Amino acid sequence: MSTILRALRLLRPILRLRWWMLALLILLGLAAALSEGFSISLIIPLLSSGAEPTQQNAKHWFLRMFSDFSGEQRVMIISICFLVGVALKNALSYAYGVLSLWLNATMSHRIRSGILDQVLNVSQLYLDSQQAGKLINTLGTETWRMASGLSTLAEMLINLCMVLIFGGLLLAISLKL
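Residues numbered from 1 in each chain as written. Predicted model: local features only at pLDDT ≥ 70, side-chain atom pairs only at ≥ 80, totals over all residues. Heavy atoms only, no water.

Chemist: With reference to specific residues and values, describe the overall build of the chain.
Modeler: Check the secondary structure of the chain and you find 8 helices and 0 strands. Listed N to C, the secondary structure of the chain is α-α-α-α-α-α-α-α in terms of helices and strands. Put simply, the chain has 177 residues, and 27% of those count as buried. Long-range pairs, those at least 24 residues apart, make up 78% of the contacts in the chain with a sequence separation of at least 6. Within the structure as shown, the chain displays about 11,900 Å² of accessible surface, and the carbon and sulfur contribution to it stands at 68%. (Helix = DSSP H or I, 4+ residues; strand = E, 2+ residues; numbered from the N terminus. Buried < 20%, exposed > 50% of the residue type's maximum accessible area, 1.4 Å probe, protein only. Contact = heavy atoms within 4.5 Å. Areas by Shrake-Rupley, 256 points an atom, 1.4 Å probe, with all protein chains shown as cover.)

Below, the structure is given as structure tokens:
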């Protein structure tokens, strides 16, 4: 982890990353994961809506939210909440995808612009001593790999947080059962 943080500190001047954008990206990914967890946890009251209404619902706080409604109303309310949760998760996932692609394109552009600026400022002797396609290959291929690696790093951070969130949700659900 310290190696990753050290590499990010070294890349910060090149990429001119705005840390609030990276934090927003991670928060959107986490919010999408939480909304998915909320939608999945609505299955418990939906499945137990046919069980003993007063005894079962009094034990679990999530089931108590829907205990004031009658059987048919409870199923309808839970289904609507489930649909809203899925729609919210998809909206958050879409916002995360748009922000992720925009950051990836911005980072790729900055890296390519920096390399192209260096290529334009080197001497003609250096350009003559290099192979014809090496600089263009570096500009096209290596910058793409760099941007892809940074987006993979952001996805890894979000996936780690999702594992922690879902692990916590599973523990919370299993302790109550």
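Next comes the rest of the account.
Chemist: Tell me what's going on with the nonpolar core, and back it up with residues and numbers.
Modeler: Core analysis: the largest hydrophobic core is formed by 12 residues, namely Met21, Leu25, Ile26, Leu28, Leu30, Ala32, Leu92, Tyr96, Leu99, Leu103, Ala154 and Ile158. Those elements that provide at least two residues to this core are helix H2 (19–41), helix H6 (71–121) and helix H8 (134–176). Per element, the largest residue contribution to this core is 6 residues, and it comes from H2. Excluding anything up to four places from it in sequence, Leu28 contacts Leu92, Ala95, Tyr96 and Leu99. (Core = buried A, V, L, I, M, F, W, Y, C linked by side-chain atoms within 4.5 Å.)

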